[in-house]
Amino acid sequence: MYMTTSEIRKAFLEYFHSHGHEVVSSSSLVPHNDPTLLFTNAGMNQFKDVFLGKELRSYTRATTAQRCVRAGGKHNDLDNVGYTARHHTFFEMLGNFSFGDYFKKDAIHFAWGFLTGVLMIPAEKLTVTVYQTDDEAYDIWNKEIGIPAERIVRIGDNKGAPYASDNFWQMGDTGPCGPCTEIFYDHGADIWGGPPGSAEEDGDRFIEVWNIVFMQYNRTIDGEFHKLPRPSVDTGMGLERIAAVMQNVHSNYEIDLFRDLIAKTAEVLSVSDLSNKSLRVIADHIRSCSFLIADGVLPSNEGRGYVLRRIIRRAVRHGRLLGATEVFFYKLVKHLAALMGEAYPELVAHTDLIEKTLRKEEEQFIKTLDRGLNLLNEQLAALGDNKTIPGNVVFKLYDTYGFPVDLTADVVRDAGYVIDQAGFDEEMNKQRARAKEASAFDIDYNSQLKVQSNTEFLGYNSLTADTVVESVFKGVDAVDAVSTDEDGIIVLEKTPFYAECGGQVGDTGVIRSVDDGFIFKVTDTKKVGNTTIHIGKVELGSFVPGMKVVAEVDSMSRKLTCAHHSATHLLQAALRKVLGNHVNQKGSAVSSERLRFDFSHNEPVTLEQLAEVEKLVNSEIVANLCVDTKVMDLEEAKKTGAMALFGEKYDQKVRVVSMGDFSCELWKL
Ligand code: SER
């Protein structure tokens, strides 16, 4: 039965909806508040806290079509794109989730019902794997579903869960995880490859289409597995892979959506051979790049922005291979938006921004691309029989010509060369060490200070507090006392001091002992885990653990800092009015003396625009708008038109912070 990609997506969500699942929208590709993750790489990411029992939703079953990127980070497929039939930097994952509701039995029956009952895939085309020691899943497949033993493969080790290995899925080095059972589709004997677990398993004959994870553990940084509060289910089926099955093709790149994108790319580049591998690379990359930009990532030299830059540059290079002589990549955006815009309206909304960003990045890169390629060719000629490109050459290409390492590897791969990654890393480290010298004197409290308490924060309502010294430190060492003229750190049981966070500086002030009037001057406040640390100097006396003290924030400094914080809201609103709604905050520094606001925009701000922003902000300051904070339900808050902070994940209750009609933002409680 032929089904289009869109029809499959729709049928999946409808099927699970009819089985009591809430249809939840795809979350952004940029996971906020989760430093363990570079990009959203699976449907379960947005539910991580629900699995961990930290967040409660109004439903216990959910289903999604989630946009995912697997480039950079733990699950990285970038290098495979163009070389296999089924790897992508961007793909859609269809999933159903149970949060302590159903478990193995229903999860397996649901998946089977959809594949064989809705998609009408013949049972004999499907093979499954289970975790080596998971007899329960084995028996459900074998006895209830009726899959013969020869098509159920046990994979993993004999150690038994919890133990991370094959068929044990984890989202990253930490987080929810558990044993899984996978469903494979057999594309037929005319394709090379063998069933899972066999020597030929890497071939394209047996393709994993659905992974059902029995979420049971939270893996913490120390490598320990802790039982989740409730056994749960997380499943993921790659839409492109199942579309290949339903369209009776053997490569994801032959499905409707990719055929269309590849044809468009070939048209733009005047290429007639539609099977050219570079066309596939470009068709894949235009999806990840467009979606990443729509989700607020812009090309840069670090983090997410650098992954985006790497993907764009790789696409540009493949365009050159196909004979492109001018900027071309951005020309595919409108076509992509037409193909996928119905399911992902954000793509349509940001078409203009995506086109401009891609165009600019390509223009910039082609200035150095040819010179870099020339250098590389000279080096190849000089290498003779040696098939390894030296680290210093790879580094020069990176540093001077803007060639990401994987791009260099991709350029030389077909000619049988590899790069000296270790040599490159060494050059990189040298450069980092040079850059770090200037900041070598900063103490990294987070990794060096051993504190573990939960300091209670009182500072929203009060600027002074009666409290008790919990511990004192000199440098990073816990000590019995800090005394007059000594620098030190004091940890208190409760504090009104705001710790540096989200760009706002930490409070300053004093800590006085109740009985003796000793004085500790606080020059900075920071957070280490859940502990607030007060950094400063003893002006008089001696501070010891157990001492009763009064902590007093410098109220003038706090007020000025608050004013600058408010000004960042006005600035953000003004920037969006003048430059457009794509402007998003990327960082800020707010103190009593000044503010800095970093934002994303795809071109330099003109002097006229700057003047207009300035005028707007100043007139709103003069208007002396009231800052109004209301706590309300998320849905109600959205109706007020409040601006959701970009990519932020909100709980059911939120704070709406507004300043007249000018700025209105949604904040977490
Ligand atoms: N999280 C699992 C995966 O990505 C199942 O969705 O494979």
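Residues numbered from 1 in each chain as written. Predicted model: local features only at pLDDT ≥ 70, side-chain atom pairs only at ≥ 80, totals over all residues. Heavy atoms only, no water.

This part takes up the overall build of the protein. Scanning the protein from terminus to terminus reveals 18 helices and 28 strands. The C-alpha atoms of the protein give 28 Å as radius of gyration, which agrees with the globular expectation for 669 residues (26 Å, within 12%). Seen through its principal axes, the protein has C-alpha atoms that stretch 85 × 60 × 55 Å. Counting across all 669 residues of the protein, residues that qualify as buried make up 52%. For the protein, the proportion of contacts with a sequence separation of at least 24, taken over those separated by at least 6, is 68%. Only carbon and sulfur atoms are counted for the fraction: they give 49% of the accessible area of the protein, which is about 30400 Å². Considering the protein, the positive charge centre built from 72 side chains and the negative charge centre built from 95 side chains are found 2 Å apart. (Helix = DSSP H or I, 4+ residues; strand = E, 2+ residues; numbered from the N terminus. Rg over C-alpha atoms; globule rule 2.2 N^0.38 Å. Buried < 20%, exposed > 50% of the residue type's maximum accessible area, 1.4 Å probe, protein only. Contact = heavy atoms within 4.5 Å. Areas by Shrake-Rupley, 256 points an atom, 1.4 Å probe, with all protein chains shown as cover. Lys, Arg positive; Asp, Glu negative; His and termini not counted. Charge placed at Lys NZ, Arg CZ, Asp CG, Glu CD.)

This brings us to the site of the ligand. Around the ligand, the surrounding shell consists of Ala42, Met44, Arg70, Met93, Trp169, Asn211, Val213, Asp234, Thr235 and Gly236. Within the side chain of Asn211, a nitrogen or oxygen atom sits 2.9 Å from an oxygen atom of the ligand. A distance of 3.2 Å is found between an oxygen atom of the ligand and a backbone nitrogen or oxygen belonging to Thr235. Protein chains bury 95% of the 230 Å² of accessible surface belonging to the ligand in isolation. Top element by residues in the shell around the ligand is strand 9 (residues 225-238). It accounts for three residues. (Near = heavy atom within 4 Å. Polar contact = N/O pair within 3.5 Å; in protein donor to acceptor, adjacent residues only side chain to side chain.)

Relative to the assigned elements, Phe103 resides in the loop between strand 3 (90-98) and helix 3 (104-118). For Phe103, a relative accessible area of 21% corresponds to the partly exposed category. A C-alpha to C-alpha distance of 9.7 Å links Phe103 and Val213, two positions 110 residues apart in sequence. Ignoring anything within four residues of it in the chain, the contact list for Phe103 reads Phe214, Met215, Gln216, Pro231, Ser232 and Val233.

This brings us to the packing of helix 1 (residues 5-18) against helix 3. Contact pair helix 1 / helix 3: the axes reach a minimum separation of 11 Å and the direction vectors enclose 135 degrees. Between helix 1 and helix 3, the angle is such that the two are oblique. In the crossing of helix 1 with helix 3, the sense of the turn from one axis to the other is right-handed. Contacts between helix 1 and helix 3 involve Ile8, Ala11, Phe12, Tyr15 and Phe16 from the first element and His109, Phe110, Gly113, Phe114 and Val118 from the second. (Axes fitted to C-alpha atoms, helices over the stretch in contact; angles between N-to-C directions. Parallel < 35°, antiparallel > 145°, perpendicular 65-115°, else oblique. Left-handed = near helix turned anticlockwise from the far one by under 90°.)

This part is about helix 9 (residues 333-340). Looking at helix 9, one finds that the buried residues are Val333, Leu336, Ala337 and Met340. Mapping the buried residues of helix 9 onto a view down its axis gives an arc of 100 degrees, with all of them on the same face. In this structure, helix 9 carries Lys334 and Ala338 as exposed residues pointing more than 90 degrees from its buried face. The inward-facing, buried residues of helix 9 contact helix 1, strand 3, helix 6 (256-269), helix 7 (277-294), helix 10 (345-349) and helix 11 (351-383). (Arc of directions from axis to C-beta.)

Okay, the pairing of strand 3 next. Buried residues dominate strand 3, accounting for nine of its nine residues. With burial as the criterion, each face of strand 3 is covered, one bearing Phe90, Glu92, Leu94, Asn96 and Ser98 and the other bearing Phe91, Met93, Gly95 and Phe97. Alignment of strand 2 (residues 61-69) against strand 3, held across nine bridges, turns out to be antiparallel. Each residue of the ladder has a partner; that of Arg67, found in strand 3, is Glu92. Relative to strand 9, strand 3 runs antiparallel, the two sharing four bridges. In the strand pairing of strand 9, Leu94 is matched with Met237. (Pairing = 2+ DSSP bridges.)

Ranked by size, the top nonpolar core spans 116 residues in total, and within it Trp141, Ile183, Trp210, Ile242, Phe329, Leu358 and Ile389 carry the most contacts. Broken down by element, this core gets its largest block of residues, 10 residues, from helix 11. Sequence-distant contacts of Ile183, defined by excluding residues within four places in its chain, comprise Ala111, Leu115, Leu126, Thr127, Val128, Trp141, Ile207, Glu208, Val209, Trp210 and Ile212. (Core = buried A, V, L, I, M, F, W, Y, C linked by side-chain atoms within 4.5 Å.)

Before going further, it helps to examine the pairing of strand 7 (residues 175-186). A large share of strand 7 lies buried, amounting to 12 of its 12 residues. Strand direction decides the pairing type here: strand 4 (residues 126-131) and strand 7, joined by four bridges, are antiparallel. Looking across to strand 7, one finds that Val128 is bridged to Ile183. Of the strand pairs in this sheet, strand 6 (residues 168-170) and strand 7 are connected by three bridges, and their pairing is antiparallel. The residue of strand 7 that forms the bridge with Trp169 is Gly178.

Before going further, it helps to spend a moment on the environment of Gly506. Structurally, Gly506 can be placed in the loop between strand 17 (494-495) and strand 18 (509-513). A relative accessible area of 8% means that Gly506 is categorised as buried. Not counting residues within four places of it along the chain, the set of residues in contact with Gly506 comprises Tyr498, Ala499, Glu500, Asp524 and Thr525.

Here we come to the packing of aromatic side chains. In this structure the tally under the stated criterion is 32 aromatic pairs. Judged by centre distance (4.9 Å) and plane angle (90 degrees), the rings of Tyr15 and Phe16 are edge-to-face. For the pair Tyr15 and Phe16, one class covers both residues: buried. For the ring pair Phe365 and Phe403, a centre distance of 5.8 Å and an interplane angle of 65 degrees mean the geometry is edge-to-face. Of the two residues, Phe365 is situated in helix 11 and Phe403 in the loop between helix 12 (391-401) and helix 13 (405-413); the sequence distance between them amounts to 38 residues. What makes Phe365 buried here is its relative accessible area of 0%. Looking at Arg154, its charged tip hangs above the ring of Tyr138, at a distance of 4.5 Å from the centre. Of note, Arg413 hangs over the ring of Tyr83, and the distance from its end group to the ring centre comes to 3.4 Å. (Phe/Tyr/Trp six-rings, centres within 6.5 Å; stacked < 30°, edge-to-face > 60°. Lys NZ or Arg CZ within 6 Å of the ring centre and 35° of its normal.)

This part takes up helix 8 (residues 303-321). With 19 residues, helix 8 ought to run about 27 Å at 1.5 Å a step, and its terminal C-alpha atoms sit 28 Å apart, in line with that. Counting buried positions over the 19 residues of helix 8 gives 15, a clear majority of the element. Directly beyond the C-terminal end of helix 8, a positive phi value near 100 degrees is found at Gly323. (Expected span 1.5 Å × (residues − 1).)

The interhelical angle for the contact between helix 3 and helix 4 (residues 135-145), taken along N-to-C directions, is 50 degrees, at an axis separation of 10 Å. Relative to helix 4, the element helix 3 is oriented oblique. The handedness of the crossing between helix 3 and helix 4 is right-handed. Along its contact with helix 3, which presents Lys104, Lys105, Ile108, His109 and Trp112, the element helix 4 presents Glu136, Ala137, Ile140, Trp141, Glu144 and Ile145. Split by residue class, the contact of helix 3 with helix 4 holds six nonpolar, one polar and four charged. (Nonpolar A, V, L, I, M, F, W, Y, C, P; charged D, E, K, R; others polar.)

Taken as a whole and judged by the stated rule, the model has 34 salt bridges. Of the charged contacts, one joins Glu346 and Arg67 as a salt bridge, the two residues approaching to 3.2 Å between their closest N and O atoms. Of the two residues, Glu346 sits in helix 10 while Arg67 sits in strand 2, which places them 279 residues apart along the sequence. Exposure remark for Arg67: the relative accessible area of 3% places this residue in the buried category. (Salt bridge = Lys/Arg side-chain N within 4 Å of Asp/Glu carboxyl O.)

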